[in-house]
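# Commentary on secondary and tertiary structure
The primary structure of each chain is shown beneath.
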Amino acid sequence: MLVKQIPPMTALTFSTRTTLRDLAKFGEMSTRRLYHEAARLGLSVMGPVFWTYHGATGNPVQVFQLDIALPVSEASGSPDGFEFRRIEPLRGIHQTHEGPWENLPGLYNRLIPQILQQGHSLNGVCRETYVHIDLAEPVNNITDVLIGIN
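Computed from a predicted structure; not experimentally measured.

Conventions and cut-offs
Residues numbered from 1 in each chain as written. Predicted model: local features only at pLDDT ≥ 70, side-chain atom pairs only at ≥ 80, totals over all residues. Heavy atoms only, no water. Salt bridge = Lys/Arg side-chain N within 4 Å of Asp/Glu carboxyl O. Helix = DSSP H or I, 4+ residues; strand = E, 2+ residues; numbered from the N terminus. Buried < 20%, exposed > 50% of the residue type's maximum accessible area, 1.4 Å probe, protein only. Pairing = 2+ DSSP bridges. Axes fitted to C-alpha atoms, helices over the stretch in contact; angles between N-to-C directions. Contact = heavy atoms within 4.5 Å.

### Regarding the pattern of salt bridges
A pair can form between side chains of opposite charge whenever their charged atoms are brought close. Taken as a whole and assessed by the stated rule, the structure comprises four salt bridges. As a salt-bridge pair, Glu37 and Arg40 come within 2.5 Å of each other at their nearest N and O atoms. Of this pair, Glu37 and Arg40 both sit in helix α1 (residues 27-40), three residues apart, roughly one helical turn. Of the residues examined, Glu37 reaches a relative accessible area of 4% and is grouped as buried. Linking Arg85 and Asp67 is a salt bridge whose minimum nitrogen-to-oxygen distance equals 3.3 Å. Of the two residues, Arg85 is situated in strand β5 (residues 83-87) and Asp67 in strand β4 (residues 64-71); the sequence distance between them amounts to 18 residues. Take Arg85: its relative accessible area is 24%, and that puts it in the partly exposed class. Connected through salt bridges with shared partners, the residues Asp67, Glu83 and Arg85 form a single ionic network.

This is the structure:
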């Protein structure tokens, strides 16, 4: 297992309380709007969009905090419907997932027991960075998953 430390960054963000069952309604619209807002503000995009899950347990009806973020060059201007935030460093176990997002739960179900068996403790934060998105052919999706550890 690869332990990674993701450095801090400035991001344009959207935050909400939601459930795993309701995630789909934030997908394409939120991503498109983040990129549009960054362009409107004249900001350089510094990396792909990522979703950070705070307190998600795999239970489809449990409410948790979701942060959707787009790394940008600076916090400049007045975003409409979003906010600038400094994203703190995150240390965790990294795994790249290739294929449909519907298969991501299986990745978590395989990795989490292994992480615990190796003596790590989870910090309740998971991040998915969407390296390549192909809505027409989801088999081509590439997602970097980081399961936060203490």
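Don't stop here, the text continues.
### Focus on the sheet that holds strand β1 (residues 2-6)
Spatially, β1-β6-β8-β7-β3-β4-β2-β5 is the arrangement adopted by the eight strands of the open sheet, whose pairing is antiparallel. The two strands at the open ends of the sheet, each matched to only one other strand, are β1 and β5. Across the sheet, the axes of successive neighbouring strands diverge by a mean angle of 35°, strand direction being ignored. Of the strand pairs in this sheet, strand β3 (residues 50-54) and strand β7 (residues 122-132) are connected by five bridges, and their pairing is antiparallel. Looking across to β7, one finds that Thr52 is bridged to Arg127. Here helix α2 (residues 104-117) sits on the sheet and contacts β6 (90-98), β7 and β8 (142-149); the angle it forms with β8, its principal contact strand, is near 35°.

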